[in-house]
Amino acid sequence: MAFFLRTIVRDIFIVGLTTFVVYFVADFAKPGFVTNYVNLNALLLFVLVFGIVTVLLYDSGDSN
Amino acid sequence: KMQNFFGYRFIRVILIAIPVVVFFWLLAKEFVLTGTMTVRYDFSRDTPFIKRLWPPGRVDPIERDATGDAFQRIRIDPVTFDVLLPRAFRDATVRVWYQKSESQPFFVGIQQTRAAWKPGIVPVRKVGTMGKWHIGEARFDVLSRFEFTGNKYQFVISAPTLNRQVEPLTVTAIELELTRESFTFGNFFPRLWHFFFGR
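First, a word on scope: everything that follows refers to the structure included in this document. (Residues numbered from 1 in each chain as written. Chains lettered and ligands numbered in written order. Predicted model: local features only at pLDDT ≥ 70, side-chain atom pairs only at ≥ 80, totals over all residues. Heavy atoms only, no water.)

## As for the overall build of chain B
Counting secondary structure elements, chain B contains two helices and 11 strands. Counting from the amino terminus, chain B carries its helices and strands in the arrangement α-β-β-β-β-β-β-β-β-β-β-β-α. Relative to its full complement of 199 residues, chain B shows a buried share of 42%. In chain B, of all internal contacts separated by at least 6 residues, the share reaching a separation of at least 24 is 71%. (Helix = DSSP H or I, 4+ residues; strand = E, 2+ residues; numbered from the N terminus. Buried < 20%, exposed > 50% of the residue type's maximum accessible area, 1.4 Å probe, protein only. Contact = heavy atoms within 4.5 Å.)

## Re the nonpolar core
Core analysis: the largest hydrophobic core is formed by 38 residues, its most contacted members being Phe-155, Ile-174 and Leu-176 of chain B. Element by element, the count of residues in this core is highest for strand 11 (residues 169-179) of chain B, at five residues. Residues Val-38, Leu-40 and Val-47 of chain A together with Leu-26 of chain B belong to the second largest nonpolar core, which totals 10 residues. (Core = buried A, V, L, I, M, F, W, Y, C linked by side-chain atoms within 4.5 Å.)

## Some words on unusual backbone geometry
All names here are of chain B. Each neighbour pair has its own omega, and for Trp-54 with Pro-55 the value is 0°, a cis peptide bond. In this chain, Asp-77 is followed by Pro-78 through a cis amide linkage whose omega measures -5°. As for its placement among the helices and strands, Pro-78 is situated in the loop between strand 3 (70-74) and strand 4 (79-84). With a phi close to 50°, Val-32 is a non-glycine residue in the positive phi region.

## Digging into a nonpolar patch on the surface
A surface patch of nonpolar side chains, amounting to about 640 Å² of accessible area, comprises Leu-45, Leu-48, Val-49, Ile-52, Val-53, Leu-56 and Leu-57 of chain A. One can find Val-49 of chain A in helix 2 (residues 40-57). (Patch = residues over 30% accessible without salt bridge, like charges linked within 9 Å, V, L, I, M, F, W, Y side chains within 5 Å. Areas by Shrake-Rupley, 256 points an atom, 1.4 Å probe, with all protein chains shown as cover. Salt bridge = Lys/Arg side-chain N within 4 Å of Asp/Glu carboxyl O.)

## Side note on the pattern of salt bridges
All names here are of chain B. Tallying each qualifying case throughout the model produces 17 salt bridges over all chains. Of the charged contacts in the structure, one is a salt bridge between Arg-139 and Asp-91, with a shortest N-O distance of 3.7 Å. One end of the pair, Arg-139, is in strand 9 (residues 133-140); the other, Asp-91, is in strand 5 (residues 91-99), and 48 residues separate them in sequence. Here Arg-139 falls in the partly exposed class, since its relative accessible area comes to 46%. Classification of Asp-91 by relative accessible area gives buried; the value is 9%. Note that Arg-95 and Glu-137 form a salt bridge whose closest N and O atoms lie 3.0 Å from each other. Of the two residues, Arg-95 sits in strand 5 while Glu-137 sits in strand 9, which places them 42 residues apart along the sequence. Considered together, Arg-95 and Glu-137 belong to a single accessibility category, that of buried residues. Several salt bridges share partner residues, and in doing so they unite Arg-40, Arg-95, Arg-125, Glu-137, Glu-175 and Glu-177 into one network.

## Comments concerning the side chain of Ser-158 of chain B
Residues and elements named next belong to chain B. The residue Ser-158 is located in strand 10 (residues 152-158) in this model. When its relative accessible area of 10% is taken as the criterion, Ser-158 is described as buried. Among the polar contacts made by the side chain of Ser-158, one reaches the side chain of Asp-77 at a distance of 3.0 Å. Not counting residues within four places of it along the chain, the set of residues in contact with Ser-158 comprises Asp-77, Pro-105, Phe-106 and Phe-107. (Polar contact = N/O pair within 3.5 Å; in protein donor to acceptor, adjacent residues only side chain to side chain.)

Set out below in structure tokens:
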């Protein structure tokens, strides 16, 4: 169960980070395309939190 | 073992699907697929579409009444407000929630082409009330004849008899309902082609 939770948290972090990068590039190319409707700062905070949790829960045995 | 766990796969699909769905929703907003876009500014906080009344010297600071509604008093006319939009529209209906003296004329206009110094103004017609506020409406057809530079229309609020000695024009909300040709199966690909390769 712990392994399952660690995997889900890591996946949320990876998907969130990818989403943030894609949305950031899209908004850079077309200002307002994302930020008119979505708060990218909140998304970044979300990614940061899950990144920290991923690191804290990291178990070297998971990669074996 | 994890990959064979159906629940894990299902969660992963959902995780990936959410931002993809949101991205397509953003695309639908950008291209205004439905043909109608409604934007509103209630003075309680800044919005990405309707900007504050300008210049600041002609209006009082934004205040709140006892019920918590934000409003702003216009002391000297005219004042302008910019409306930033993803693309041009065919026509617009402007609604304003306001208070003013009965005898005070009240117009809304749009800045025309650069060569025309006078904005195209339309009288605001009262269409209803909401509590202590009147609701006025002004309609603009054929928006193509108005200046749309930098993805922006510049609107004007005009009340010619306004000055600091008379009762101000008080506004609590501005709403714009904009329409353009909606996407259909028949025009989708020609318009997409025009967007990428058109003049």
